[in-house]
Amino acid sequence: MEDTILIVEDNPTLREGLCEILEFEGFSTLTAGNGQEALDVMATQLPNLILADISMPVMDGFEFFGHVREREDWLKIPFIFLSARSDKPDILKGKKLGAEDYLVKPVDHDELITAVRSRMERNEQLAIVQLRDSYQSSLLMLANAIELRDRYTRGHVERVTMYSLAIAEELGWSQDRLEIIRFGGILHDVGKIHVRETTLRKTGPLDDKEWAEIRQHPQIGADMIKEVAYLKPMDGIVRYHHERFDGKGYPYGIGGSEIPIEARIVAIADSFDAITSNRTYRPKLTFDEAYLEIQNCAGDRYDPEMVDAFKQAYMKTRFAQLPKLS
Ligand SMILES: [Fe+2]
Ligand SMILES: [Fe+2]
């Protein structure tokens, strides 16, 4: 769908000129002769960007801008002031009010299009980042709530995600692939919601029934997320993070490249965190001891190529100062 731009300008010749330029560049336009008319237009149709003159009869550009920013659903519409006056007080006032841009008339074709496009792009990027952040915080909240049921694993999900990201970055992965790791890491143990708390918190060895319960969590987790389209790409991590490279893992017993590569990464991060955390059934290892332990298991538990990436990632930071999940 083409983007719609609302042009608010009292001079009809100028208004037509702006319309022509923008329509020539593939935008749809809406027009108004002053702020009040613009508000009337916006009551029925929302533009993707507003271009408004400052001095106009009935309602000037500053007052109009104030009204636009008052409404929550209009708050995110990019706003560019347009004025014949190039005097500083006006420009400063516009900027203080928080308008994104300020164009001085007469506006040149390229200048106008560049300003409009860059405002639109920035807005789109912001919307994507905000959406991603809200997904991330909701999923993290869910994962942390599940994790709280197990007293040994506080912070596990976040650490596993950070370690996994550090390994994947060594492989030079794109942002999109790193996103799969990020969300997959956060979600990898969601299936534990179905493991009884008595099993999770048990201090002695687990009996067969309890083991069976634990071994189901990857599959249960994968079933939990399967209806959410956005989370489909994370299925591999959730479902296969306890498989081993030699095929002796659980619950499916698949091996080698049958295991999705993202799951082979998370498996290393998951073990690294488990063996460096306090558990009652065994003493924890230091980071450097765990680093050697992971290498010892290359080829049986873990994919040797992923272990190489892990080694490089570890050597860089020793996993001590990884950025927190924001
Ligand atoms: Fe797990
Ligand atoms: Fe885990």
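Residues numbered from 1 in each chain as written. Chains lettered and ligands numbered in written order. Predicted model: local features only at pLDDT ≥ 70, side-chain atom pairs only at ≥ 80, totals over all residues. Heavy atoms only, no water.

*Asks:* Can you lay out the domain arrangement of the protein chain for me, pointing to particular residues and giving the numbers?
*Replies:* According to the domain assignment, the protein chain contains domain 1 (4-123) and domain 2 (148-317). The straight-line distance from the C-alpha centre of domain 1 to that of domain 2 is 51 Å. (Domains from an automatic or database assignment.)

*Asks:* Requested: an account of the pattern of salt bridges, with residues and values cited.
*Replies:* Summed over all chains, the structure comprises 17 salt bridges. For the salt bridge of D133 with R132, the shortest nitrogen-to-oxygen distance reads 3.3 Å. Among the charged side chains, a salt-bridge network with shared partners connects R132, D133, E179 and R182. (Salt bridge = Lys/Arg side-chain N within 4 Å of Asp/Glu carboxyl O.)

*Asks:* How would you sum up the coordination of the iron ion (ligand 1)? Please name residues and give values.
*Replies:* In the first shell of the iron ion (ligand 1), the protein supplies D189 (OD), H217 (NE2), H241 (NE2) and H242 (NE2), at 2.1 to 2.2 Å from the metal. Spacing between the donor residues of the iron ion (ligand 1) along the chain follows D-x27-H-x23-H-H. (Donors = N, O, S within 2.8 Å, 3.2 Å for Na, K, Ca; no water.)

*Asks:* Which residues make up the coordination of the iron ion (ligand 2), and what values go with them?
*Replies:* Coordination of the iron ion (ligand 2) by the protein comes from H156 (NE2), H188 (NE2), D189 (OD) and D270 (OD), over a distance range of 2.2 to 2.4 Å. In the primary structure, the donors to the iron ion (ligand 2) are separated according to the pattern H-x31-H-D-x80-D. A gap of 3.6 Å separates the iron ion (ligand 2) and the iron ion (ligand 1), which D189 links by coordinating each metal. Note that D189 is positioned in the loop between α7 (175-187) and α8 (197-200) and D270 in helix α12 (residues 261-275), a separation of 81 residues in sequence. Side by side, D189 and D270 carry an identical accessibility label, which is buried. (Helix = DSSP H or I, 4+ residues; strand = E, 2+ residues; numbered from the N terminus. Buried < 20%, exposed > 50% of the residue type's maximum accessible area, 1.4 Å probe, protein only.)

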